[in-house]
Amino acid sequence: MPRIGIPRALLYYHYFPWWEAFFVSLGAEVVVSPPTTKAILDRGLEHAADDVCLPVKVAVGHVLELKDRVDAIFLPRLVSVAAREYICPKFLGLPEMVGHSIKGLPPLLNPGLNLYRGGSPYRFFAALGRALGYPPWQVLAAYRRACRVQQQYKRLLESGLFPEEALAALRGRHDAAAPRDTMGSPLVAVIGHPYNIYDAFVSMDLLGKLGRRGIKVITADSLSEENVCRGAAHLPKRLFWTLGRRTVGAAYHYLQWGRVDGMIHVSSFACGPDSFAGEFIARRAHRMGLPFLSLVLDEHSGEAGMVTRLEAFLDMVERRKKYREGGSAS
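The sections below set out a description of the structure shown in this document.

With parallel pairing, four strands are arranged side by side in an open sheet as S2-S1-S3-S5. A single partner strand is all that each edge strand has here, and the edge strands are strand S2 (29–32) and strand S5 (108–109). In this structure, strand S1 (residues 3–6) lies alongside S2, joined through four bridges in parallel fashion. Each residue of the ladder has a partner; that of Arg3, found in S2, is Glu29.

This part covers the environment of Leu297. Inspection of the secondary structure assignment puts Leu297 in strand S10 (residues 292–297). Here the alpha-carbon distance between Leu297 and Ile40, two residues 257 residues apart in the chain, equals 16 Å. When sequence neighbours within four positions are dropped, the list of residues in contact with Leu297 reads Leu54, Asn196, Val202, Ser203, Met204, Val266, Ser267, Ser268 and Phe269.

Another point: the side chain of Ser80. On the secondary structure map, Ser80 appears in strand S4 (residues 77–80). A residue is classified by how much of its surface remains accessible, and Ser80, at 0% relative accessible area, is buried. Ignoring anything within four residues of it in the chain, the contact list for Ser80 reads Glu85, Tyr86, Ile87, Leu113, Asn114, Leu115 and Tyr116.

With respect to the secondary-structure elements, Arg245 resides in helix H11 (residues 242–257). Each C-alpha atom, one on Arg245 and one on Phe313, is 25 Å from the other, the two residues being 68 residues apart in sequence. When residues no more than four places from it in sequence are discounted, the contact partners of Arg245 are Glu85, Glu225, Val228, Cys229, Ala232 and Leu239.

Scanning all chains against the criterion turns up 18 salt bridges. Among the salt bridges present, the one from Arg245 reaches Glu85, with a minimum N-O distance of 2.5 Å. With a gap of 160 residues between them, Arg245 in helix H11 and Glu85 in the loop between S4 and helix H4 (89–101) connect regions that are remote in the sequence. Owing to a relative accessible area of 2%, Glu85 belongs among the buried residues under this scheme. Glu279 is the partner of Arg283 in a salt bridge, and the nearest nitrogen-oxygen pair spans 2.8 Å. Here Glu279 and Arg283 lie together in helix H12 (residues 272–287), a separation of four residues that amounts to about one turn.

This part takes up the packing of helix H6 (residues 136–158) against helix H7 (residues 163–170). In helix packing, the relevant descriptors are the interaxial angle and the interaxial distance, both defined with respect to the helix axes. For the pair H6 and H7, the least separation of the axes is 9 Å and the interaxial angle reads 130°. When the axes of H6 and H7 are compared, the pair comes out oblique. Remark: the crossing between H6 and H7 carries right-handed chirality. Residues Val149, Gln152, Tyr153, Leu156 and Leu157 of H6 form the contact with H7, whose participating residues are Pro163, Ala166, Leu167, Ala169 and Leu170. Across the contact of H6 with H7, the residue classes tally to nine nonpolar, one polar and no charged.

What counts as what
Residues numbered from 1 in each chain as written. Predicted model: local features only at pLDDT ≥ 70, side-chain atom pairs only at ≥ 80, totals over all residues. Heavy atoms only, no water. Pairing = 2+ DSSP bridges. Helix = DSSP H or I, 4+ residues; strand = E, 2+ residues; numbered from the N terminus. Contact = heavy atoms within 4.5 Å. Buried < 20%, exposed > 50% of the residue type's maximum accessible area, 1.4 Å probe, protein only. Salt bridge = Lys/Arg side-chain N within 4 Å of Asp/Glu carboxyl O. Axes fitted to C-alpha atoms, helices over the stretch in contact; angles between N-to-C directions. Parallel < 35°, antiparallel > 145°, perpendicular 65-115°, else oblique. Left-handed = near helix turned anticlockwise from the far one by under 90°. Nonpolar A, V, L, I, M, F, W, Y, C, P; charged D, E, K, R; others polar.

Now the structure itself:
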């Protein structure tokens, strides 16, 4: 039984159930790196290029965490996950970046996924199955099961669960995925790439801080793809970056919806698409008079400054909510 390592980084938060179910259906053992820590980030900083963004540095650290524990590391070459759209180039070049910067790695499983011209992701999984030496019939059965699991995961996310809660629900641990009691609480949309907002170390536990303040949080993953697309349609031109389109589409949907009490945009320093997306969102939120907070993260971000800004933002959110409720009551 081969041991396949999956780094807990980048699109792990989108696609892990898909990947895990495929490998497990083939009889492989999946090993996931632990949650990000300062030690993992520091190791990533030592081996990653200086000019890459924080999420890539974190991903390199997670690869190093798996290096001596598995028979192979799954590090796919993601080019496009949707028709006429691209994923950021850092996903395309990650296998080479890791292979050249880290010595003594086990084999990297890095098939390419390119759906820019449409088609099915089955080719991606078929190439992965061939690389592992499994027969086509077994690969096809594993792919079909993996797609079913991924659809269940998406439905759980759209129900309001965060990724770790949705994974717990998939595995039958319903206690770990219990709904949060936030009746009457302020509603805040946290918008950003999943590896920025769900990684508690990278985000300095933003979601935990909001939860402890009694804030109800919704994200882009709480929306169906149809609602994201409708939100993005308000842009004068189609965005060809998938993650940027999801970010702006979700933000515009929530702004038009009119029920959120505030919005936080979380991005990485030196991410070009994020800077554009954040500007679009900030301008529209300010025009609508909605409390808005932009958090730009890198390895030098300090928690004290973030907490101060977050507290000021939440004060505005709570004052606005009380004012609106008072106005509607009168």
